[in-house]
Amino acid sequence: MKPFVGYQEKPVSVSDLLKIINELKTENTYYFLRWTNRVSGIIKEKLTDDQFPMLEGQIFNHEFELRWKHKRQNTYEVLLLTINGQNSEFQPLGKDWQIEERKAHFYQKTETRFPKGFDYPKDLNIKQRYFQDKTTATVHFVALTVEK
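How each quantity is defined
Residues numbered from 1 in each chain as written. Predicted model: local features only at pLDDT ≥ 70, side-chain atom pairs only at ≥ 80, totals over all residues. Heavy atoms only, no water. Helix = DSSP H or I, 4+ residues; strand = E, 2+ residues; numbered from the N terminus. Rg over C-alpha atoms; globule rule 2.2 N^0.38 Å. Buried < 20%, exposed > 50% of the residue type's maximum accessible area, 1.4 Å probe, protein only. Contact = heavy atoms within 4.5 Å. Core = buried A, V, L, I, M, F, W, Y, C linked by side-chain atoms within 4.5 Å. Pairing = 2+ DSSP bridges. Axes fitted to C-alpha atoms, helices over the stretch in contact; angles between N-to-C directions. Phe/Tyr/Trp six-rings, centres within 6.5 Å; stacked < 30°, edge-to-face > 60°.

A. Region of interest: the overall build of the protein. Secondary structure assignment for the protein yields one helix and eleven strands. Moving toward the C terminus, one meets the helices and strands of the protein in the order β-β-α-β-β-β-β-β-β-β-β-β. Over its C-alpha trace the protein gives a radius of gyration of 15 Å, about what one expects of a compact globule, namely 15 Å for 148 residues. In terms of overall dimensions, the protein has C-alpha extents of about 40 × 35 × 25 Å along its principal axes. Within the protein, buried positions represent 41% of all 148 residues. Long-range contacts, defined as pairs at least 24 residues apart, comprise 56% of the intrachain contacts of the protein with a sequence gap of at least 6.

Okay, here's the thing in structure tokens:
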């Protein structure tokens, strides 16, 4: 495993974001999307133009998490957290990363953090992957991941 954290130097358009997503995703990739009035829950359905604009979102699988956040004029800042080493499409952020994986648990359906509900696949074994600076052991990012 070669941990890598990278970002797109300039905000990307929706079409460019969808292109990046389609290049990275695999069969076992999940989405989590956020709008001002709701969240998608964890879903497997393919992301489409119709779901934009959104405040932010992420896709993840065992190998990576890709995050995006709305900026201006329907463009998005994009961050990649991966264990597959450097990706030439992304500028490296930091140099030496180490990872630590931990089990994670979903909130119960009655949790009030998501008043409109939060759905997820019942058989999903979700985990968290901590991206730490090797020198200081400071955790900078916590990514969602799934069992391989």
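B. Just the nonpolar core, in detail. One finds Leu47, Phe52, Leu66 and Trp68 to be the most contacted residues of the largest nonpolar core, which totals 23 residues. Taken together, the elements giving at least two residues each to this core come down to helix H1 (14–24), strand S3 (30–34), strand S6 (64–70) and strand S7 (75–82). Here this core takes six residues from H1, the largest share from any one element. Tyr30, Phe32, Leu124 and Val146 belong to the second largest nonpolar core, which has ten residues in total.

C. Structural detail: the sheet that holds strand S9 (residues 97–103). Judged by pairing direction, the sheet is antiparallel, and its three strands sit side by side in the order S9-S10-S11 without closing on themselves. Looking at which strands have only one partner, the edges of the open sheet turn out to be S9 and strand S11 (139–146). Strand-to-strand twist of the sheet, defined as the mean angle between neighbouring strand axes without regard to direction, takes the value 25 degrees.

D. Highlighting the pairing of S6. With five bridges joining them, strand S5 (residues 56–60) and S6 adopt antiparallel strand pairing. Of the residues in S6, the one forming a bridge with Gly57 is Trp68. Where S5 folds back on S6, the antiparallel hairpin that results is connected by three residues. Bridging between S6 and S7 involves seven bridges; their strand directions are antiparallel. Across the sheet, Leu66 pairs through a bridge with Leu80, a residue of S7. Two successive antiparallel strands, S6 and S7, enclose a turn made up of four residues, where Gln73 displays a positive phi of approximately 45 degrees.

E. Fine view of the packing of aromatic side chains. The full count for this structure, using the stated rule, is three aromatic pairs. For the ring pair Phe52 and Tyr76, a centre distance of 5.4 Å and an interplane angle of 75 degrees mean the geometry is edge-to-face. You can see Phe52 sitting in the loop between strand S4 (39–43) and S5 and its partner Tyr76 sitting in strand S7, a full 24 residues away along the chain. Per residue, the accessibility class of Phe52 equals that of Tyr76, and both read buried.

F. The pairing of S3, seen in detail. Burial runs high along S3: four of the five residues are buried. Relative to S5, S3 runs antiparallel, the two sharing five bridges. Bridging from a neighbouring strand, Arg34 pairs with Glu56 of S5. By the bridge criterion, three bridges tie S3 to S4 in an arrangement that is antiparallel. Counterpart to Tyr31 in the pairing with S4 is Ile43. Taking the residues that link successive antiparallel strands as the turn, the S3-S4 hairpin has four residues.

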